[in-house]
Amino acid sequence: MNSLFALIAAAGTYATVLMFGTMGEILTEKSGNLNLGVEGIMYMGGILGLVAANRYEAIVGEANSIGFVAILVAILGAFAAGALAGLLFSFITVTLRANQNVTGLAMTTFGTGVAKFVGEIMRTKLNGYVSVSNHLKEAFSFKFMPDFLKNIPIIGPIFFNQVHFFYMGIILAVVIHLFLTKTKTGLYLRAVGESPVTADAAGINITAYKYIATAVGGGISAIGGMVFTMTTAGCVWIEASLSGIGWLSVALVIFCTWKPMNSIWGSMLFGSLMIMYLWIIIPGIPTEIYKILPYVVTLVVLIISSIRNNKDKQPPASLGVNYFREER
């Protein structure tokens, strides 16, 4: 039992990465756009967030660099990269009406390629590897909760011994939930994803909602890539480190039934499954079996939801389908 609680507590960093990736894709899919390029977007966020922090420190000098500012710069750099990728996806699928599945897969290839190219350019320029100073590394991994909360049995290590990005993710999940359920703009966005024909007839600007939701969603997902690079990877760019994280985020969207609040506990579960092989060792079971567990769980949830045909647990009705006003 102690090993189980320790596993959940240790999964917080991975959960934070998945939380951002999942929430970004949920927001995108609520508009009816199915962006399978989350993997590439998170790659871009991972490298460009690190490069932004690295360039900030190079400009002001290591002695003058401030942790909070570096974090803000990294977030903005990653968000900008993801938002641009989302705009590109929207232009190809909404304006040019290309197939969303093919475009998403192309976006994955494009994003990983851009990340590796930028990473190699920076490595060559710096004659080594892309990173930041030790005091900025400490700022990105800082755990600000007081010790008396961290020392609470069971819940302390799980909920109060996490990096600040974890709590940012929880706050963002609540904000997105309230936005989608309590605001007029959020309800309009859901209407666009459910029935663009009806929304268009009601005077809602379909194109604008799809563009903005996909751009913002891409930016949020990219922040997840930045969090991984700046925490789990130790503020060092390692090309293969982000491999598979974006696909897990897409799977987690289905597992969470397109609900932002579910991404909190869903990310903790998936994060635990990702590192289970390090904490709970069962003789005779290879590591690869552990690593496919998140996908197996997603398939089980998808099958159960389909059998029950629960409308609340189904994707937006127009998800992945391009809207042609002429066919209205």
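Thresholds applied
Residues numbered from 1 in each chain as written. Predicted model: local features only at pLDDT ≥ 70, side-chain atom pairs only at ≥ 80, totals over all residues. Heavy atoms only, no water. Salt bridge = Lys/Arg side-chain N within 4 Å of Asp/Glu carboxyl O. Helix = DSSP H or I, 4+ residues; strand = E, 2+ residues; numbered from the N terminus. Patch = residues over 30% accessible without salt bridge, like charges linked within 9 Å, V, L, I, M, F, W, Y side chains within 5 Å. Areas by Shrake-Rupley, 256 points an atom, 1.4 Å probe, with all protein chains shown as cover. Core = buried A, V, L, I, M, F, W, Y, C linked by side-chain atoms within 4.5 Å. Buried < 20%, exposed > 50% of the residue type's maximum accessible area, 1.4 Å probe, protein only. Axes fitted to C-alpha atoms, helices over the stretch in contact; angles between N-to-C directions. Parallel < 35°, antiparallel > 145°, perpendicular 65-115°, else oblique. Left-handed = near helix turned anticlockwise from the far one by under 90°. Contact = heavy atoms within 4.5 Å. Nonpolar A, V, L, I, M, F, W, Y, C, P; charged D, E, K, R; others polar. Expected span 1.5 Å × (residues − 1). pLDDT = per-residue confidence, 0-100. Phe/Tyr/Trp six-rings, centres within 6.5 Å; stacked < 30°, edge-to-face > 60°.

J.: Got a minute to help me understand the pattern of salt bridges in this structure?
T.: Side-chain pairs of opposite charge can arise where the charged atoms are in close proximity. All told, the structure shown has one salt bridge when counted by the stated rule. Of the charged contacts in the structure, one is a salt bridge between E120 and R123, with a shortest N-O distance of 2.6 Å. Here E120 pairs with R123, and both are found in helix α5 (residues 100-126), just three residues apart, close to one helical turn.

J.: What should I look at first to understand a nonpolar patch on the surface in this one?
T.: On the surface, a cluster of nonpolar side chains totalling about 790 Å² of accessible area is made up of L105, W247, I282, I285, I289, I292, Y295, V296, V300 and I304. Top element by residues in the nonpolar patch is helix α17 (residues 293-308). It accounts for four residues. Counting through the fold element by element, V300 comes out in helix α17.

J.: Help me understand the nonpolar core, please; the structure alone is not making it clear to me.
T.: One broad trend across soluble globular proteins is that nonpolar side chains are buried collectively. Formed by 80 residues in total, the largest nonpolar core has its most connected members in F140, F165, M226, W237 and I245. Of all hydrophobic cores here, the second largest spans seven residues; its members include I41, M44, A81 and A85.

J.: Please clarify how the packing of helix α2 (residues 12-30) against helix α14 (residues 262-274) should be interpreted in this entry.
T.: For any two helices packed against each other, the geometry comes down to the angle between their axes and how far apart the axes lie. Taken N-terminus to C-terminus, the directions of α2 and α14 make an angle of 130°; their axes are 8 Å apart at the nearest point. Comparing their axes, α14 and α2 come out oblique. Classified by chirality, the crossing of α14 by α2 is right-handed. Contacts from G12, Y14, A15, L18, M19, T22 and M23 of α2 reach α14 at S263, I264, S267, M268, F270, G271 and M274. Across the contact of α2 with α14, the residue classes tally to nine nonpolar, five polar and no charged.

J.: In this structure, what is going on with helix α3 (residues 38-60)? I would like to understand it.
T.: Counting along an α-helix, one turn takes 3.6 residues, and residues three or four places apart therefore face a common direction. Helix length check: α3, at 23 residues, gives a terminal C-alpha distance of 33 Å against a target of 33 Å (1.5 Å per residue), a fit within 8%. Within α3, 18 of the 23 residues are buried, which leaves it mostly tucked inside the rest of the structure. At the exit of α3 stands G61, carrying a positive phi of roughly 95°.

J.: Please clarify how the packing of helix α13 (residues 245-255) against α14 should be interpreted in this entry.
T.: Orientation of α13 relative to α14, taken along the N-to-C sense of each, is 135°, at an axis distance of 10 Å. Considering the angle they form, α13 stands oblique to α14. For the element pair α13 and α14, the recorded crossing hand is right-handed. Across from I245, L248, A251, L252 and F255 in α13, the residues of α14 making contact are W265, G266, S267, L269, F270 and M274. Of the residues in the contact of α13 with α14, the class split is nine nonpolar, two polar and no charged.

J.: Sorry, what's going on with the confidence of the model for the protein chain here?
T.: Low-pLDDT stretches of the model should not have their predicted coordinates read in fine detail. The share of residues in the protein chain with pLDDT of 70 or more is 98%, and the mean pLDDT across the chain is 90. By mean pLDDT, helix α15 (residues 276-279) is the weakest element of the protein chain at 76, and helix α4 (residues 67-95) is the strongest at 97.

J.: Help me out: how do you make sense of the packing of aromatic side chains in this one?
T.: Taken as a whole, this structure holds eight aromatic pairs when the rule is applied. Considering the side-chain rings of Y43 and W237, the 6.2 Å spacing of their centres and the 80° angle between planes classify their relative orientation as edge-to-face. Here W237 lies in the loop between α12 (206-232) and α13 and Y43 lies in helix α3, a separation of 194 residues in the sequence. For Y43, a relative accessible area of 4% corresponds to the buried category. Using a relative accessible area of 10% as the deciding quantity, one classes W237 as buried. A connected cluster of aromatic rings, assembled from ring pairs, spans F144, F166 and Y167.

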